[in-house]
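Descriptive analysis of the structure
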Amino acid sequence: MERASAHLLQNYRQQPVVVERGLGARVWDVDGKSYLDLLGGIATCALGHCHPEVVAAVKAQADKLWHISNVFYSLPQIELAEKLTSASGLERAFFCNSGAEANEALFKLARKVSKDRGHPGRFEIICFENSFHGRTLATVAATGQPKYHQGFEPLPSGFLHVPYGDLEAVRGAVTAKTAAVIVEPIQGEGGVKVAPAGFLKGLRSLCDELGLLLLIDEVQTGMGRTGEIFAYQHAGILPDAISLAKALGNGLPIGAMLCREELGKSLKSGSHGSTFGGNLLAATAANVAFSIIRQPETLAMVRAKGEHLFQAARKLQARYPERASAVRGRGLLMGVEVVDAAAVVNRCREGGMLVNLAGEKTVRFAPPFTVTTEELDEGMRIFEQALSA
Ligand code: PLP
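Residues numbered from 1 in each chain as written. Predicted model: local features only at pLDDT ≥ 70, side-chain atom pairs only at ≥ 80, totals over all residues. Heavy atoms only, no water.

**Observations regarding the packing of aromatic side chains**
The description of an aromatic ring pair uses the distance of the two centres, along with the angle that the planes make with each other. Inspection of the entire model under this criterion finds 7 aromatic pairs. Summarising the aromatic geometry, the rings of F128 and F199 are spaced 5.4 Å apart at their centres and angled 75° between planes, so their arrangement reads as edge-to-face. Here F128, found in strand β5 (residues 124-128), pairs with F199, found in helix α8 (residues 199-210); they are 71 residues apart in sequence, far enough to count as distant. Note on accessibility: F128 and F199 belong to one class, buried. Ring-pair connections join several aromatic residues into one group, and the members of that group are F128, Y164 and F199. (Phe/Tyr/Trp six-rings, centres within 6.5 Å; stacked < 30°, edge-to-face > 60°. Helix = DSSP H or I, 4+ residues; strand = E, 2+ residues; numbered from the N terminus. Buried < 20%, exposed > 50% of the residue type's maximum accessible area, 1.4 Å probe, protein only.)

This is the structure we're talking about:
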């Protein structure tokens with residue numbers, strides 16, 4: 001940690017643990033101390049650390065070929081595109097390396113589609129207050145939390161923010177310049193805040209009525225996390241395009257932008273790209289992970305374990321009403337709003353469990369889908385000790 005503070009950019013609020021290895025829902029530090037990882041990487045290792053099938057596939061691929069330019073074809077990437085498009089109902093896939101890059105692809109798509117439709121002045125994207133879309137300049141501009149803007153102004157123009165869940169505010173913000181709306185089905189970094197019932201469906205109708213694109217940021221909620229492969233599927237709608245990352249590669253860096261066939265035509269040869277996007281190692285990990293995640297048994301498991309986790313958390317909330325004021329989320333993405341959340345996170349780690357803060361007041365849980373109910377119970381015991389302390 002001293003070496004880190006001497007040489008690493010001090011841009012993260014790091015917890016004092018040096019993690020060396022992991023298996024399933026557990027990790028071990030360099031001194032051999034074990035921790036229950038109920039943050040699941042950071043909603044990335046959905047099938048747990050070092051899932052044997054993912055490890056075997058990546059090892060085999062590592063012996064064959066790691067990377068080839070995207071000016072050539074590679075089978076893992078094609079196979080992944082087939083899987084994601086068939087599961088999402090969106091016909092075209094573009095691969096990149098992170099959530100922010102996937103959102104950048106959404107923004108470029110929205111602008112280009114407007115131009116191609118003969119509306120060059122339509123470039124604005126309506127975003128939501130308290131949202132989080134990434135750390136590049138455009139995704140910071142889209143993010144609806146001023147703390148991420150400070151010091152980086154002037155931000156790229158064309159992003160405005162309205163209250164999350166407020167359809168009339170969206171309607172009121174639409175002008176002749178509006179191209180699209182971008183929304184998270186659950187605001188993860190913003191404190192695990194779930195869109196109110198009917199909101200996504202309402203947004204779909206509004207976008208249809210006004211000729212806007214509906215872009216859904218599924219970076220944190222996608223890949224089965226909420227009990228459906230993509231969280232928008234709970235709402236029974238089809239967006240125009242979505243972004244994916246985090247759990248897509250089960251911990252290897254890969255992001256994706258999926259869009260409707262007609263829109264995909266706007267990003268022609270040369271208009272967008274990424275050197276490493278969809279490389280063979282990451283795409284191989286994603287293929288294996290996705291084959292497991294899309295099985296109905298896996299999604300049923302997420303729902304059942306999520307139910308178990310939420311019930312336990314609600315019991316704690318009832319026991320400590322003055323300390324835990326809310327339990328929010330869906331499937332295996334849960335936020336518990338607590339008094340002195342940073343101290344609770346620290347106590348959890350000291351008690352042997354890794355979680356983190358989402359926003360300033362919420363403790364976030366995003367356990368691997370492979371977590372056992374006994375591990376969830378163990379985690380909730382540690383959480384209770386932290387809360388009561
Ligand atoms: N969008 C959402 C909803 C996220 O939660 C995140 C990361 O937490 C991002 C985008 C940015 O992803 P990345 O850190 O991979 O760029």
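Text resumes after the structure shown.
**With respect to the site of the ligand**
Of all residues adjacent to the ligand, which total 13 residues, the nearest are G99, A100, D217, Q220 and K246. At 2.8 Å from an oxygen atom of the ligand is found a side-chain nitrogen or oxygen belonging to Q220. Taking 400 Å² as the accessible area of the ligand by itself, protein coverage stands at 82%. Ranked by residues supplied to the shell around the ligand, first place goes to helix α5 (residues 99-116) with 3 residues. Looking at the shell around the ligand residue by residue, the classes come out as 3 nonpolar, 6 polar and 4 charged. (Near = heavy atom within 4 Å. Polar contact = N/O pair within 3.5 Å; in protein donor to acceptor, adjacent residues only side chain to side chain. Areas by Shrake-Rupley, 256 points an atom, 1.4 Å probe, with all protein chains shown as cover. Nonpolar A, V, L, I, M, F, W, Y, C, P; charged D, E, K, R; others polar.)

**Description of the sheet that holds strand β14 (residues 333-338)**
If you walk across this open sheet you meet the 4 strands as β13-β14-β17-β16, and the pairing is antiparallel. With partners counted over all chains shown, the strands left at the sheet margins are β13 (324-330) and β16 (356-358), one partner each. Across this sheet, the average inter-strand angle for adjacent strands is 35°, counted without regard to direction. Bridge count between β14 and strand β17 (residues 362-365): 4 bridges; the pairing is antiparallel. Its bridge partner being in β17, M334 is matched across the sheet by F365. Packing against the sheet, helix α13 (residues 373-388) makes contact with β13, β14 and β17, and its axis sits at approximately 15° to β14. (Pairing = 2+ DSSP bridges. Axes fitted to C-alpha atoms, helices over the stretch in contact; angles between N-to-C directions. Contact = heavy atoms within 4.5 Å.)

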